Amino acid sequence: MNGQPITAGQLRDLLESLDALCPGGLQAPAGGSLGISLVDPATGALRATVTRAELGRLARRGCPAHPNNDPNSDCGCPVLDRPAPTDAYRPTAAQQRFLPTRDRTCRHPGCATRAGWADLDHVLPHAEGGPTTCENLCCLCRRHHRLKTFAPGWRFEMTADGVLSVTTPSGVTRTTRPPGMAALHRNTTGPPPTGSPPTSPTGPTADESEPAPF
Ligand SMILES: [Zn+2]
Ligand SMILES: [Zn+2]
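In this text the structure is predicted, and so the values were computed from the model without any measurement. (Residues numbered from 1 in each chain as written. Chains lettered and ligands numbered in written order. Predicted model: local features only at pLDDT ≥ 70, side-chain atom pairs only at ≥ 80, totals over all residues. Heavy atoms only, no water.)

*Asks:* Just give me the short version of helix H2 (residues 52-61), but keep the residues and values in it.
*Replies:* Listing the buried residues of H2 in full gives Leu55, Gly56, Leu58 and Ala59. Each buried residue of H2 sits inside an arc of 165° when the element is viewed along its axis, so together they form one side. On its buried face, H2 sits against helix H1 (8-21), strand S2 (35-39), strand S3 (46-51) and strand S4 (78-80). (Buried < 20%, exposed > 50% of the residue type's maximum accessible area, 1.4 Å probe, protein only. Helix = DSSP H or I, 4+ residues; strand = E, 2+ residues; numbered from the N terminus. Arc of directions from axis to C-beta. Contact = heavy atoms within 4.5 Å.)

*Asks:* Lay out the coordination of the zinc ion (ligand 2) in plain terms, naming residues and giving numbers.
*Replies:* For the zinc ion (ligand 2), every protein donor is listed as Cys106 (SG), Cys111 (SG), Cys141 (SG) and His144 (ND1), and the spread of their distances is 2.1 to 2.3 Å. Of note is the zinc ion (ligand 2), whose four donor atoms meet at the metal with angles of 97 to 115° in an arrangement that counts as tetrahedral. Spacing between the donor residues of the zinc ion (ligand 2) along their common chain follows C-x4-C-x29-C-x2-H. The exposure class of His144 is buried, given its relative accessible area of 5%. (Donors = N, O, S within 2.8 Å, 3.2 Å for Na, K, Ca; no water. Tetrahedral: all angles 85-135°; square planar, octahedral: opposite > 155°, others 65-115°.)

*Asks:* Mind laying out the coordination of the zinc ion (ligand 1), listing which residues take part and the relevant values?
*Replies:* Protein coordination of the zinc ion (ligand 1) is provided by Cys63 (SG), His66 (ND1), Cys75 (SG) and Cys77 (SG), with donor distances spanning 1.9 to 2.3 Å. Seen from the zinc ion (ligand 1), its four donor atoms lie at angles of 107 to 112°, and the figure they make is tetrahedral. We note that the donor set of the zinc ion (ligand 1) lies within a single chain, spaced as C-x2-H-x8-C-x1-C. Accessibility expressed as a relative area gives 31% for Cys75, which makes it partly exposed.

Okay, here's the thing in structure tokens:
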């Protein structure tokens, strides 16, 4: 997705509406922090997660490329987006906050395991050149992470927005979207697959690929 940029002017507007909703300012629960999710209104895709403090900082700072701009004009430059990529294998703290918010649950079709219990998986494996980016990471529970890693013949593809397509060895594809996007587009191809995927007699975790996949 290449949605509209999130600009400093929009953040100021957002801040104003938040303060209008909660006069005196939003208060985080004791001992916690208040997370704010910015969602693309056209697609429902999660664009960014910030705390109230970060939002205030970004709105005050304005556009770093145009520091001398009239604070009430908006140059339109993006000041906030999905967390930046890292060269490391391990996702950054910002990615670890963003992705469970985007995915909510394990992204394997039909699995409802909470994202808090899930692993962040490189959809295109890191060993095969898959980058550590929000566009290439999704939440998978341990069981489905193993299925993906070890069961032969499964294909996983994801768009930048986090729309994940899983294709079984027999060629049946199911698509899952992050929850915010689910209502906007509904697109499953074909009926749920029947039968078990082929198991690998030599695979160390052949038993993991035994149960009905979806
Ligand atoms: Zn600018
Ligand atoms: Zn799962």
